[in-house]
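Commentary on secondary and tertiary structure
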Amino acid sequence: MSYQSGRHYLAIPGPSVSPDRVLNAMHRTAPNIYEGELVDMTPGIVADLQRMALTKQHVAIYIANGHGVWEAAICNLFSRGDKALLAATGRFGWGWAEAMQRMGVAVDVLDFGKSSPADPHRIADALKADKAHEIRAVMLTHVDTASTAKTDVAAVRAAMDAVCHPALLAVDAIASLGCDELRMDEWGIDVIVGASQKGLMVPPGLGFLWFSDKAMELSRSAEMVTPYWDWKPRAAGELFYQYFGGTAPTHHLYGLREALTMLLEEEGLPAVWLRHERLARAVWAAFDAWGKGTDIKLNMADLSARGHSVTAATIPSGGAGALRRWLEQEAGVTLGIGLGMALPTEPAYGDFLRVAHMGHVNMHMTLGVLGAMEAGMQTLGIPHGSGAVDAAAGALRG
Ligand SMILES: *Cc1c(COP(=O)(O)O)cnc(C)c1O
């Protein structure tokens, strides 16, 4: 027999679990896209998206996934041959850099490896060396979903200001928005890239750019932009269809409306952030216990540099892969693969996994995953320290 019958939990770092309320809000016939409810509710969605990123500046909504809005950010900011500096802290940073290279941006990558946040001083040094101020933007990933490294964005902005460099600061917050504290205006961020299917709890299909007045100004001289991706008409929203460059993402907007109400009105952003932090601490406490006397370990040693939406870990000798398979077949839980740590063809691939605690996740879901992992380790004979679930429960008490 197996214990898989019951509601399956996809505990991977996106797509995350969508609340039934969000799915039910989407379950309807297509609405009128010229007038009526959908048209009336969209300005409120834009205002709430500003609240999500804590900004009073611009928002553009795209029918796209994260890769789509990566490109949207690039083409609104650059002309071919322009210079950029990208701080890579994992696979997702490199992904954004590769898109820039293919689009003809001269991007310098500062590589911080696979288990460190970006160091503001190294970014400042690179900017200091750019005497002619040719670097148009500093790009980074707030939480890199592969390494789970979290960069202190406010510290990067302070370091940029300290060397008086005029570059914009563009941040991929796809894995952190609605999970980790993120303050666009207070932290001096010029561009935030986001998507619907992670902390925002809506199925994949919507991408977002938040951008500053300064970024808007700079984008007027960017020659790469094409009509569909241009953020200017989307942010202006003078005519309804201009918000979306064509037909509105009708059903997704209803789902998003519901999700924003849940996050902003009902739970409140500070409580959302705290819930993610506590769930993350529970997962870390469990791994610390499993790691006692074994080689099980978290990818990010430095606690302050760990994202709160996903945890990457090593369970050696193929233990991570075996445990993932067992959990999916026997326990009704799917964990994330260890992205960017080893190729699927390499033996080490089976040593890495990620546990997501992102979006619509509560105590029983996370403790359930950890308890199931414990059961899997027992069954599979994976050496592990004791007391993990106990430690996790303690961490949830705060
Ligand atoms: C998921 C993710 C992406 C890619 O988003 P897609 O929707 O899969 O294209 C980019 N950056 C980060 C940090 C992510 O977590």
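Calculation notes
- Residues numbered from 1 in each chain as written.
- Predicted model: local features only at pLDDT ≥ 70, side-chain atom pairs only at ≥ 80, totals over all residues.
- Heavy atoms only, no water.
- Helix = DSSP H or I, 4+ residues; strand = E, 2+ residues; numbered from the N terminus.
- Rg over C-alpha atoms; globule rule 2.2 N^0.38 Å.
- Contact = heavy atoms within 4.5 Å.
- Areas by Shrake-Rupley, 256 points an atom, 1.4 Å probe, with all protein chains shown as cover.
- Lys, Arg positive; Asp, Glu negative; His and termini not counted.
- Charge placed at Lys NZ, Arg CZ, Asp CG, Glu CD.
- Core = buried A, V, L, I, M, F, W, Y, C linked by side-chain atoms within 4.5 Å.
- Buried < 20%, exposed > 50% of the residue type's maximum accessible area, 1.4 Å probe, protein only.
- Domains from an automatic or database assignment.
- Salt bridge = Lys/Arg side-chain N within 4 Å of Asp/Glu carboxyl O.
- Polar contact = N/O pair within 3.5 Å; in protein donor to acceptor, adjacent residues only side chain to side chain.
- Phe/Tyr/Trp six-rings, centres within 6.5 Å; stacked < 30°, edge-to-face > 60°.
- Lys NZ or Arg CZ within 6 Å of the ring centre and 35° of its normal.
- Near = heavy atom within 4 Å.
- Nonpolar A, V, L, I, M, F, W, Y, C, P; charged D, E, K, R; others polar.

**Quick look at the overall build of the chain**
- Counting its secondary structure elements, the chain contains 14 helices and twelve strands.
- A compact globule built from 398 residues should have a C-alpha radius of gyration of about 21 Å, and the chain, at 21 Å, falls within 12% of that.
- If you line up the chain on its principal axes, its C-alpha atoms span 60 × 55 × 40 Å.
- A separation threshold of at least 6 residues defines the contact pool for the chain, and within that pool the share at least 24 residues apart is 72%.
- A total accessible area of about 16100 Å² is found for the chain, and carbon and sulfur atoms account for 54% of it.
- Here the chain carries 33 positive and 42 negative side-chain charges, and the mean point of each set is 2 Å from the other.

**Side note on the nonpolar core**
- Within the largest apolar cluster, 57 residues are counted, with the highest numbers of intra-cluster contacts made by Leu49, Ile123 and Trp210.
- Two domains each provide a minimum of three residues to this core, namely domain 1 (9–16 + 268–396) and domain 2 (31–266).
- Beyond its immediate stretch of four places on either side in the chain, Leu49 contacts Val59, Ile61, Phe208, Trp210, Leu256 and Leu260.

**Section: the pattern of salt bridges**
- The full count for this structure, using the stated rule, is 20 salt bridges.
- For Glu258, the salt bridge identified is with Arg21, shortest N-O distance 2.9 Å. One end of the pair, Glu258, is in helix H10 (residues 250–267); the other, Arg21, is in helix H1 (residues 20–26), with 237 residues separating them in the sequence.
- Taking the relative accessible area as the measure of exposure, Glu258 reaches 21% and is therefore partly exposed.
- Among the ionic contacts, a cluster of salt bridges with common partners joins Asp48, Arg51, Arg257 and Glu265.

**Here we look at the side chain of His165**
- Summarising the element assignment, His165 is placed in the loop between helix H6 (153–162) and strand E6 (168–172).
- In terms of polar contacts, His165 uses its side chain to reach the side chain of Asp130, at 2.7 Å.
- Excluding its chain neighbours within four sequence positions, the residues that come into contact with His165 are Leu127, Asp130, His133, Ile135 and Met160.

**Section: the packing of aromatic side chains**
- On inspection of all chains with the given rule, the structure shows nine aromatic pairs.
- Judged by centre distance (6.0 Å) and plane angle (75°), the rings of Phe240 and Tyr243 are edge-to-face.
- On the accessibility criterion, Tyr243 (11% relative accessible area) is buried.
- Here Phe287 and Trp290 contribute two aromatic rings whose centre-to-centre distance is 5.1 Å and whose plane-to-plane angle is 90°, an arrangement assigned as edge-to-face. Placement of the pair is Phe287 and Trp290 together in helix H11 (residues 269–290), with a separation of three residues, close to one helical turn. Exposure class is identical for Phe287 and Trp290. Each is buried.
- Among the aromatic residues, those joined into a cluster by ring pairs are Tyr62, Tyr228 and Trp229.
- The lysine or arginine in question, Arg234, covers the ring of Tyr228, its NZ or CZ lying 4.4 Å from the ring centre.
- Its end group placed over the ring of Trp284, Arg306 keeps NZ or CZ at 4.8 Å from the ring centre.

**A closer look at the site of the ligand**
- Near the ligand you find 13 residues, and of these His67, Thr145, Asp172, Gln197 and Lys198 are the closest.
- Measuring from an oxygen atom of the ligand, one finds a side-chain N or O atom of Gln197 at 2.6 Å.
- Take Lys198: an N or O atom from its side chain is 2.6 Å from an oxygen atom of the ligand.
- Within the complex, 90% of the 380 Å² of free accessible area of the ligand lies under protein.
- The residue makeup of the shell around the ligand, split by class, is five nonpolar, six polar and two charged.

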